4 protein chains.
Amino acid sequence: MPQNLDKKDKPQKDKPDKDIPVKGKKDKYHRILNAAIKVFAEEGFFHSTISQIAKEAGVADGTIYLYFKSKDDILLQFFNFKSARVLDRFRKDVNEANDAGSRLENLIHSHLREFQKDPNMAVVFQAEARKGRYLENRVNNLTKTYLGIVGEIIEQGQVEGVFRKDLYFSLVKRFVLGSVDEVINAWVNAGGKYELSSMADPLVDLLLRGIGSRSAMAGQ
Amino acid sequence: MPQNLDKKDKPQKDKPDKDIPVKGKKDKYHRILNAAIKVFAEEGFFHSTISQIAKEAGVADGTIYLYFKSKDDILLQFFNFKSARVLDRFRKDVNEANDAGSRLENLIHSHLREFQKDPNMAVVFQAEARKGRYLENRVNNLTKTYLGIVGEIIEQGQVEGVFRKDLYFSLVKRFVLGSVDEVINAWVNAGGKYELSSMADPLVDLLLRGIGSRSAMAGQ
Amino acid sequence: MPQNLDKKDKPQKDKPDKDIPVKGKKDKYHRILNAAIKVFAEEGFFHSTISQIAKEAGVADGTIYLYFKSKDDILLQFFNFKSARVLDRFRKDVNEANDAGSRLENLIHSHLREFQKDPNMAVVFQAEARKGRYLENRVNNLTKTYLGIVGEIIEQGQVEGVFRKDLYFSLVKRFVLGSVDEVINAWVNAGGKYELSSMADPLVDLLLRGIGSRSAMAGQ
Amino acid sequence: MPQNLDKKDKPQKDKPDKDIPVKGKKDKYHRILNAAIKVFAEEGFFHSTISQIAKEAGVADGTIYLYFKSKDDILLQFFNFKSARVLDRFRKDVNEANDAGSRLENLIHSHLREFQKDPNMAVVFQAEARKGRYLENRVNNLTKTYLGIVGEIIEQGQVEGVFRKDLYFSLVKRFVLGSVDEVINAWVNAGGKYELSSMADPLVDLLLRGIGSRSAMAGQ
DNA sequence: CATGAATGAGGTTTCATTCAT
DNA sequence: GATGAATGAAACCTCATTCAT
């Protein structure tokens, strides 16, 4: 799924694909992409060099430029590619359920599960996506879409009566995202040593009920 | 409060200090530090150059190396310096109150207030502090200390009976940090265009009561 | 008229040539050569890439190396090939006339006509041939031969009594070449927007009579 | 006379120039410029590398970028700088005389003398200045100005009655330039082995009287 | 013969850091 | 202490050329 077809194109060849014609290209594209993400995860984007990525991918330095316009483009393609996949998965999992509560649950489970499945991706997302005045334009999309999903769930929950009606909408969305994000952060900083998914249920519980005790709340 | 006391320090020249003995030093140190943070906030750490910082600070490039060991060291000193100040303030404000609820409230108010007061710091903290890999050792300290403060409040609140007793301790702490962090993130990404502090009360409310409606909760 | 006959040549495969035996080869050779000249004319030799030439010629990059030893070789072959053709034409046109005056006239007409007919060639000749410590050896041949033709005409004209006898021989030859060359230069720089040939007669007149007025000359 | 004051400026220092304050800068600027021209003359612009230039100038590679924005900029500055100087000299020498004939003579003498004095400059001018496409905008200025000077002389000569009145103006200018240019070309290609200036008088004679014999002309 | 993906040497440029003044 | 010109390592990227298919 190479997306930088700009330069040379020659995307699918014009000869009919006999066996696994484009597969070679695809393979190498993903080989490089994964190598890059691994290196980015280990070294950070700016400290990573094309040479490291090339070595990790088992290709020559120049080869990388057959698939990516620049070092920046690698990160960009990664975000475009992974964001799409991940958001698709989120949406799919959310839609498996019908009521807002289960949907929120599914979203968070899905989120943690996906990031746990691909720790390098998790590291790079946490490290490069949520900052970096650098790729902001593109990455904000990811955040924006995520917040959109959360927003829909919240609204539905309010209609269903399971979520409070007196919520500061744009705040709640950040509240959810921030919580999950930081849980992943903790996991990443710990070196991915424990089961990230196991955080899902407790986290959902916290999101729904907060940390205040029932009795204390009663007094409010 | 220069901390790289290696090179030069007390030996204040052999000429008698005419005017403001250490003050000159201190001034320039902070001038550089603030200039650096401004530049880091605008360009990102890696895209910033010593020359930009020097120009912003109104000193020569070489002068920076009289106060800082390296470019990295600037960021480091910034974190050490600001972390200390900020955490002091947090603690002080937390201690202004006695009950856990008010303390949590104060912490979050303080947090948002401090970051709003110094947007450059906010940007740099959000952008560079969490990248881990790089400055992790030192910056983790900040996070760790922050989580410690939160932890103390939580424990106190549980003793007081105002916070739930069935809380996953290490998760709750991240839950609080993540929420605040993301609220700041949103504010930074929006360009600091609104009153960050105004988020404090709604956020505390969310943390305490969660997003679930009372009636729905009753069913659990 | 491929001249790098090293690699492959007559051995036209063992399979019988089905259609147009050598024609295919020749065609592709010229296709590449013309494509190259077009690209060289547009981009300059050094800024041109094999890929551009290949695309322009409608062949694969690698195919070019079946016909040319190297990128340099393309330029070289171009000069060899075009020089031969052009010089042939010059000589032929010169020989159409008998007296030196008409021969000079014919040479210059021919020169301007040929270059006008093939603007890409003109551009490349002007840009790469008359400089470039680069291809000097080969290209000097062209210049040398051209100067030779001019020289013969001059000598003949002196015998005929139509050209001055007190001419600095090697200078006169350069004088003629330089004039024509610069006229072409002007035309090329103007983007080939006017009729180059129309310069022939006025130029010949200038060469013969100079810019001095008759009366003024009388005083010398 | 560094002209790329863009980046850093700090041109004259603010401290009073004690001895030869800016001289150091100026020196190095010209050291690099001359080294570059020498290398360009030997290798051609495109085959020259920054490293070669740096070595020739006795500075580090990076130093070059303190004085020039890019490799291209070196050539550009050279043209700007040398063109100005050379054209000044031309004009000055032209103005030493009053009548058009002497002025043309002076121009050509000056032209050949200047180029002979600085063979590297001569080589680079001949090789790179006319390539157009590349630096055209700036270099065309040189050509344009030169043609302007020639044009003025021609017009004056026509008024004075020493030059023919039936001249194709834009052609004559090219005619003069082309002749001189090619004479220099020949000298450069010969390796500067002879006295270029000695060509001036014969060339002027050719320009004025042409190659046709008086008697032949009479018959026209 | 033809292809075009792959190679990797080599070039330009940046910039943290040093050090003579 | 302060300066800022100079350094040169190191990074990114291009593209002529090769070779397996």
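Not measured: the values here are computed from a predicted model.

### Here we look at the relation of the copies chain A and chain B
Note on the identical chains: chain A maps onto chain B by a rotation of 179 degrees and an axial translation of 0.0 Å, with an RMSD of 0.2 Å. Here the transformation between the copies is reduced to the relation of a two-fold axis. The rotation axis passes nearest to the C-alpha of A:Gly210 in chain A, at a distance of 1.9 Å. When the interface residues of chain A are mapped onto chain B, 96% of them again fall at the interface, so both copies present the same face.

### Focus on the protein's contact with DNA strand F
Residues in close proximity to DNA strand F total 33 residues, the closest being A:Tyr65, B:Thr63, D:Lys28, D:Thr63 and D:Tyr67. Backbone atoms, meaning sugar plus phosphate, form 71% of the atoms of DNA strand F positioned within 4 Å of the protein. Contact distances for DNA strand F include 3.0 Å between a phosphate oxygen and a backbone N or O atom of A:Ile50. B:Ala60 has a polar backbone atom sitting 3.2 Å from a phosphate oxygen of DNA strand F. Of all the secondary structure elements, the ones that give two or more residues to the surface near DNA strand F are α3 (61-67) of chain A, α1 (21-43) and α3 (61-67) of chain B, α3 (61-67) of chain C together with α3 (61-67) of chain D. Counting residues per element, the surface near DNA strand F draws most heavily on α3(B), which supplies five residues. For the surface near DNA strand F, a count of residues per class yields 12 nonpolar, 12 polar and nine charged.

### Focus on helix α6 (residues 119-128) of chain B
In an α-helix there are 3.6 residues to a turn, and that puts residues three or four apart on one side. Burial of α6(B) is extensive: eight of the 10 residues sit out of reach of the surface. Looking only at α6(B), the buried set comprises B:Met121, B:Ala122, B:Val123, B:Val124, B:Phe125, B:Gln126, B:Ala127 and B:Glu128.

### Some remarks on a negative patch on the surface
All names here are of chain A. Side chains of Asp99, Glu105, Glu160 and Asp201 sit close together on the surface and give a patch of like negative charge. Relative to the elements of secondary structure, Asp99 occurs in the loop between α4 (71-95) and α5 (100-117). Given the relative accessible area of 36%, Asp99 is considered partly exposed.

### Let's talk about the side chain of A:Glu182
Within the fold, A:Glu182 resides in helix α8 (residues 169-189). Given the relative accessible area of 3%, A:Glu182 is considered buried. There is a polar contact of 2.5 Å between the side chain of A:Glu182 and the side chain of B:Arg174.

### Structural notes on the confidence of the model for chain A
Averaged over every residue, the pLDDT of chain A is 86; residues scoring 70 or more account for 81%. Considering only residues more than four positions removed or in separate chains, one finds that residues 1-23 of chain A, a stretch of pLDDT under 50, has 24 contacts.

### A closer look at helix α9 (residues 200-209) of chain D
Every buried residue of α9(D) is accounted for by D:Ala200, D:Leu203, D:Val204, D:Leu206, D:Leu207 and D:Leu208. Residue D:Gly210 follows α9(D) closely and has a positive phi angle near 75 degrees.

### Brief notes about the pattern of salt bridges
On inspection of all chains with the given rule, the structure shows 36 salt bridges over all chains. Put simply, A:Arg164 and A:Asp166 hold a salt bridge, and the shortest N to O gap is 3.1 Å. Given a relative accessible area of 49%, A:Asp166 falls into the partly exposed group. With a shortest N-O distance of 3.0 Å, C:Lys82 and C:Asp118 are connected by a salt bridge. Residue C:Lys82 is found in helix α4 (residues 71-96), and its partner C:Asp118 is found in the loop between α5 (100-117) and α6 (119-129); the two are separated by 36 residues along the sequence.

### Here we look at the interface of chain A and chain B
At the junction of the two partners, chain A supplies 51 residues and chain B supplies 50 residues. Together, the buried faces of chain A and chain B total about 4700 Å²; carbon and sulfur atoms form 62% of this surface. Contact with chain B buries surface across chain A, with A:Arg164, A:Phe175 and A:Ile211 losing the most and accounting together for 17% of the total. Joining chain A to chain B, the criterion identifies four salt bridges. Two residues, A:Arg174 and B:Glu182, come together in a salt bridge whose shortest N-O distance is 2.5 Å.

Rules behind the numbers
- Every chain's residues receive numbers from 1 upward, in the order its sequence appears when written.
- Chain letters start at A and ligand numbers start at 1, both assigned in the order the entries are written.
- Thresholds applied to this predicted model are a pLDDT of at least 70 for local features of residues and 80 or more for the giving and counting of side-chain atom pairs; totals over whole chains, interfaces and linings are not thresholded and use all residues.
- The side-chain values count all of the structure's non-hydrogen atoms but skip hydrogen atoms and water molecules.
- The fit set for superposing copies consists of C-alpha atoms from residues with pLDDT of at least 70 in both; the fit itself is least squares.
- Any two residues whose heavy atoms approach within 4.5 Å are treated as being in contact.
- Any residue with a heavy atom lying within 4 Å of a molecule or strand is counted as near it.
- Counted as a polar contact is a pair of N or O atoms within 3.5 Å, where, for protein atoms, one must be capable of donating a hydrogen and the other of accepting one, and residues adjacent in sequence contribute only when both atoms are in side chains.
- Here a strand is any run of E in DSSP of at least two residues, a helix any run of H or I of at least four, and the numbering for each starts at the N terminus.
- Just so you know the grouping, Ala, Val, Leu, Ile, Met, Phe, Trp, Tyr, Cys and Pro go in nonpolar, Asp, Glu, Lys and Arg go in charged, and all remaining residues, Gly too, go in polar.
- For each residue, the accessible area found with a 1.4 Å probe, counting protein chains only, is set against the maximum for its type, and the residue is called buried under 20%, exposed over 50%, and partly exposed in between.
- The patch calculation keeps residues exceeding 30% relative accessible area without a salt bridge and links them within 9 Å when they carry like charges or within 5 Å when they are nonpolar (Val, Leu, Ile, Met, Phe, Trp, Tyr).
- Method for areas: the Shrake-Rupley scheme with a 1.4 Å probe, in which residue coverage is limited to the protein chains shown.
- Note on definitions: salt bridges are taken to be side-chain nitrogens of Lys or Arg within 4 Å of carboxyl oxygens of Asp or Glu.
- The sign given to each residue is positive for Lys and Arg and negative for Asp and Glu; His and the chain ends receive no count.
- Where a charge lies is defined by one atom per residue type: Lys uses NZ, Arg uses CZ, Asp uses CG and Glu uses CD.
- pLDDT: the predictor's confidence for each residue, scored from 0 to 100.
- What gets called buried area is simply the loss in accessible area from a 1.4 Å probe that two parts show on being joined, summed for both.

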